[in-house]
Amino acid sequence: MDIDAHAEELASALGEDKEEVKRDLENLLEYSVPVDEAKQSVRRKYGGGGGGDASPSAVDIADVSPESGNVTVTARVLTVGRRSIRYQGDDTVIREGELADGTGTISYTAWQDFGFEPGDTVTIGNANVREWEGEPELNLGESSSVAMEGEPLEVSHRIGGERDLVDLSAGDRGRTVEAKVLELEQRTIDGRDGETTIHSGVLGDETARLPFTDWQAREDVVEGAELRMEDVYVREFRGVPSVNLTEFTETSPASVEVSDAAPRVTIGEAVTSGGMYDVEVLGNVLEVRDGSGLIERCPECGRLVQNGQCRSHGQVDPEDDLRIKAILDDGTATVTAILDRDLTEDIYGGTLEEALSAARDAMSREVVSDDIAESLVGREFRVRGHLSVDEYGANLDATEFAANDDDPAARAADLLEEVGA
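Per-chain numbering applies: the sequence of each chain, read as written, is numbered from 1 onward. Per-residue local features are limited, in this predicted model, to residues with pLDDT of at least 70; the limit for side-chain atom pairs, both in listing and counting, is 80 or more; totals at the level of whole chains, interfaces and linings are taken over all residues. With hydrogens and water stripped out, all remaining heavy atoms of the structure feed into the side-chain values.

> Account for the pattern of salt bridges, with residues named and values stated.
Side-chain pairs of opposite charge can arise where the charged atoms are in close proximity. Any carboxyl oxygen of Asp or Glu within 4 Å of a side-chain nitrogen of Lys or Arg constitutes a salt bridge here. Applying the stated criterion to the full structure yields 23 salt bridges. Measuring nitrogen to oxygen at the nearest pair gives 3.5 Å for the salt bridge that ties Arg175 to Asp172. By the burial criterion, Arg175 is buried, and Asp172 matches it. Put simply, Arg382 and Glu280 hold a salt bridge, and the shortest N to O gap is 3.1 Å. Of the two residues, Arg382 is situated in strand E19 (residues 380-390) and Glu280 in strand E13 (residues 275-288); the sequence distance between them amounts to 102 residues. Buried means the residue's accessible area, taken with a 1.4 Å probe over protein chains only, is under 20% of the maximum for its type, while exposed means over 50%, and partly exposed covers the values in between. Counting from the N terminus, the helices are DSSP H or I runs at least four residues long and the strands are E runs at least two residues long.

This is the structure we're talking about:
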């Protein structure tokens, strides 16, 4: 049903002008308020009450889809996180997290405090379903009801938000992590209330490293601090999960061990994850792509320049640089490893100035990329870096790139053990 049909239905039921009702409805929908909740708000404005349709029938979580409309579910509360958002000009505290039953899990957003905590079993009535990041999500508003159940619902999912860094994914809410602040930068940004000081940097534990932002710039969040951080949320930042500390995050001292090694996974696992901040893969170089070797960059933005033209700044006096874009394959998937100037100089065996000299002698800049390809293609390398995935494929911004020196016999034994042979 489109907005005109909703407005006509409401206007007819309330005895009000359709255009006025439509404007009110559009204002609410612009702020991503679910359509059923928006309709209830319009009913209340015109004195139509909050009645609406009868309570929807109960469904299993696995059967909930973005097209389900309003549903009733009985579920175990896995996590509860709090976050402040600006809604219609006012600051509003929402609760969000995950629910589970015997058939699956689903995320939720509660627009008021219904009083439930992790571990509670609840029956939620008249929850609106919307699509969030490609998945269904329950929205609990003023027209929803929550009843506590005396008998706990048995579920196979972990109750509570405690996770290792490697287990975090974009969209996680109400998480608790213990990590060490490995890098820290203080910045001033233009926030929703004017200039705001924040901290950003890198967290680490035994399993992984991830970027983070502390929106409150806490005094105890300093480089080297080992902290327990309760009620953080995770969002995607430059293609990888990023931990966010809000005004509701509680920090306390903790004891944290940090691994110097990055988790080693197959390329297929890394790509399927959607993005990993610090990861190591092994793969054979299939090809050194165009745009490798000697390149030119815009002095203003650093973007690649072709024929002296920058897409953002037009005609510029470009700066020379070196890079490698190498396609790696391990049999599970492929990824493009991108090496900066320092790593490229190591592979090439010469400096940028020496590469420019070789290009002048050969009267071709391609001589540099040809030499690089000759030394890489067909060989296996260990690559560590930050992996991101977008509509164009997977890229791994390399921080380390070296020929693989693993013992083949040991790797074969590990593989046989993994398959149970």
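Back to the text.
> Let's hear about the packing of helix H5 (residues 341-348) against helix H6 (residues 352-362): which residues, and what values?
Axes, fitted as lines to C-alpha atoms, cover a helix only where it is in contact. Angles between the N-to-C directions of the axes lie from 0 to 180 degrees. Remark: H5 packs on H6, axes separated minimally by 10 Å, with the N-to-C direction vectors making an angle of 60°. The pairing of H5 with H6 is recorded here as oblique in orientation. Between H5 and H6, the residues in contact are Arg341, Glu345 and Tyr348 and Leu352, Glu353, Glu354, Ala355 and Ala358, respectively. For this classification, Asp, Glu, Lys and Arg are treated as charged, while Ala, Val, Leu, Ile, Met, Phe, Trp, Tyr, Cys and Pro are nonpolar and the rest, including Gly, are polar. Per-class residue counts for the contact of H5 with H6 are four nonpolar, no polar and four charged. Orientation categories follow fixed angle ranges, with anything under 35 degrees roughly parallel, anything over 145 roughly antiparallel, 65 to 115 roughly perpendicular, and all other angles oblique. Residues are treated as being in contact if the distance between any of their heavy atoms lies within 4.5 Å.

> For the confidence of the model for the chain, give the residues involved together with the corresponding values.
Every residue is assigned a pLDDT by the predictor, reflecting its confidence on a scale from 0 to 100. Mean pLDDT over the chain stands at 89; residues scoring 70 or higher make up 91%. Counting interchain partners and residues more than four positions distant, the pLDDT-below-50 stretch residues 49-53 has seven contacts.

> If you had to explain the sheet that holds strand E10 (residues 209-214) to someone new, which residues and values would you point to?
The strand order around the closed barrel formed by five strands is E8-E9-E10-E12-E11, and the pairing between neighbours is mixed. Here the average twist between neighbouring strands, direction ignored, is 40°. The pairing criterion is simple: DSSP has to find at least two bridges between the two strands. Summarising the sheet, strand E11 (residues 226-237) and strand E12 (residues 240-253) pair through 10 bridges and their orientation is antiparallel. Along E12, the bridge assignment pairs Val234 with Val243.

> Lay out unusual backbone geometry in plain terms, naming residues and giving numbers.
Most peptide bonds are trans, and most residues other than glycine sit at a negative phi. Backbone geometry places Asn126, a non-glycine residue, at a positive phi of 55°. The residue Asn126 is located in strand E5 (residues 121-132) in this model. With relative accessibility at 15%, the residue Asn126 sits in the buried group. Although it is not a glycine, Asp231 sits at a positive phi angle of roughly 70°. Within the secondary structure, Asp231 is located in strand E11.

> With reference to specific residues and values, describe the packing of H5 against helix H7 (residues 366-376).
Taken N-terminus to C-terminus, the directions of H5 and H7 make an angle of 70°; their axes are 9 Å apart at the nearest point. Taken together, H5 and H7 sit at an angle that is classed as roughly perpendicular. Residues Thr344, Ile347 and Tyr348 of H5 form the contact with H7, whose participating residues are Val368, Asp371, Ile372, Ser375 and Leu376. Taken together, the residues of the contact of H5 with H7 sort by class into five nonpolar, two polar and one charged.

> Describe the layout of surface pockets, naming the residues involved and giving the relevant values.
In this structure, the largest pocket spans a volume of roughly 870 Å³. Lining the largest pocket are 32 residues; nearest its centre among them are Arg83, Ser84, Ile85, Arg192 and Tyr233. Those elements giving two or more residues to the lining of the largest pocket turn out to be strand E2 (81-87), strand E3 (90-101), E5, strand E8 (175-191), E11 and E12. Counting residues per element, the lining of the largest pocket draws most heavily on E2, which supplies five residues. Looking at the lining of the largest pocket residue by residue, the classes come out as 12 nonpolar, eight polar and 12 charged. Considering only enclosed or pocket space, the second largest pocket measures out at about 740 Å³ in volume. The method works on a 1 Å grid over the protein atoms by themselves. A cavity is a set of points holding a 1.4 Å probe that cannot get out, a pocket is an open set with protein on both sides within 12 Å along at least five of seven lines, and residues with an atom within 4 Å of a point line them. Arg311, Arg323, Lys325, Ile338 and Asn395 are the residues nearest the centre of the second largest pocket, which is lined by 24 residues in total. Mapped onto the lining of the second largest pocket, the elements with two or more residues apiece are strand E15 (309-310), strand E17 (319-329), strand E18 (334-339), E19 and strand E20 (393-403). For the lining of the second largest pocket, the residue count by class is nine nonpolar, seven polar and eight charged. Grid points are joined across faces, edges and corners, and a volume is the space filled by probe spheres set on the points.

> Tell me about the packing of aromatic side chains, and name the residues and values.
Stacked, tilted and edge-to-face pairs are distinguished by plane angle, under 30 degrees for stacked and over 60 for edge-to-face with tilted covering the rest, among Phe, Tyr and Trp rings (Trp via its six-membered ring) whose centres lie within 6.5 Å. Evaluation of the coordinates by the stated rule reveals two aromatic pairs. Each ring, one from Tyr108 and one from Phe116, has its centre 5.6 Å from the other, and the planes form 75°; the classification is edge-to-face. Taken as a pair, Tyr108 and Phe116 share a single burial class, namely buried. The interplanar angle of 25° and the centroid separation of 4.7 Å between the aromatic rings of Phe381 and Phe401 together place this pair among those described as stacked. Of the two residues, Phe381 is situated in strand E19 and Phe401 in strand E20; the sequence distance between them amounts to 20 residues. Assessed through its relative accessible area of 11%, Phe401 is described here as buried. Remark: a charge is flagged as sitting over a ring if the NZ atom of Lys or the CZ atom of Arg is within 6 Å of the ring centre and within 35 degrees of the ring normal. Over the ring of Tyr233 we find Arg83, and its NZ or CZ is 4.9 Å from the ring centre.

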